[in-house]
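Structural overview
Chain residues, written in single-letter form:
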Amino acid sequence: MSRTIPFHDQGCKYCREFWISTSDEPKLIGVSLDHQCHLYRCGICSSWWEYGLNYPHVIDDELAARIATTIASAPS
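The text that follows walks through the structure, step by step, so that each part is easy to find. (Residues numbered from 1 in each chain as written. Predicted model: local features only at pLDDT ≥ 70, side-chain atom pairs only at ≥ 80, totals over all residues. Heavy atoms only, no water.)

Looking now at the overall build of the protein. When you go through the protein residue by residue, the secondary structure sums to two helices and four strands. Reading the protein from its N end, one meets helices and strands in the order α-β-β-β-β-α. Its C-alpha atoms give the protein a radius of gyration of 12 Å, near enough to 11 Å, the size a compact globule of 76 residues would have. Along the three orthogonal principal directions, the C-alpha set of the protein runs to about 35 × 35 × 20 Å. In the protein, buried positions account for 29% of the 76 residues. (Helix = DSSP H or I, 4+ residues; strand = E, 2+ residues; numbered from the N terminus. Rg over C-alpha atoms; globule rule 2.2 N^0.38 Å. Buried < 20%, exposed > 50% of the residue type's maximum accessible area, 1.4 Å probe, protein only.)

On to the pattern of salt bridges. When the charged atoms of two side chains lie near each other, side chains of opposite charge can form a pair. In total, this model carries two salt bridges according to the counting rule given. When the shortest N-O distance is used, the salt bridge between Asp24 and Lys27 registers 3.9 Å. Residue classification places Asp24 among the exposed residues on the basis of a relative accessible area of 53%. On the accessibility criterion, Lys27 (40% relative accessible area) is partly exposed. (Salt bridge = Lys/Arg side-chain N within 4 Å of Asp/Glu carboxyl O.)

Moving on, we come to the environment of Ala68. Its place among the elements puts Ala68 in helix 2 (residues 61-68). With 39 residues separating them in the primary sequence, Ala68 and Ile29 have C-alpha atoms 8.1 Å apart.

The next subject is the pairing of strand 1 (residues 27-32). Sheet topology note: the strand 1/strand 2 (residues 37-41) ladder contains five bridges and is antiparallel. Residue pairing across strands places Lys27 opposite Arg41, the latter belonging to strand 2. The loop that links strand 1 with its antiparallel partner strand 2 comprises four residues; one of these, Gln36, has a positive phi angle of about 50 degrees. (Pairing = 2+ DSSP bridges.)

A full pass over the atoms with the stated rule returns six aromatic pairs. Relative to Tyr40, the ring of Phe18 lies with its centre 5.7 Å away and its plane at 55 degrees, an arrangement referred to as tilted. Taken together, the residues span a long stretch of sequence, with Phe18 in helix 1 (residues 13-18) and Tyr40 in strand 2 at a distance of 22 residues. With a centroid separation of 5.6 Å and 50 degrees between ring planes, the pair formed by Trp19 and Trp49 is classed as tilted. One end of the pair, Trp19, is in the loop between helix 1 and strand 1; the other, Trp49, is in strand 3 (residues 48-51), and 30 residues separate them in sequence. Exposure class is identical for Trp19 and Trp49. Each is buried. Here the aromatic cluster, defined as three or more aromatic residues joined through ring pairs, consists of Phe7, Phe18, Trp19, Tyr40, Trp49 and Tyr51. (Phe/Tyr/Trp six-rings, centres within 6.5 Å; stacked < 30°, edge-to-face > 60°.)

Rendered as structure tokens:
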């Protein structure tokens, strides 16, 4: 069973502040309809964030890569 990491221990102060104030990190990478989430990446600490049906939280590189392969591309 995975251990829940408290929000204040995830990412860096800049990407945590994004969810509660005016920080410009992390940046939106895209939207995955398959995973029903938005994928974000912090340009400062390189943390991957998933924001979907639950609260935003940091995810590992493996899950981020799986989500990234399902991101819908914008119509040209």
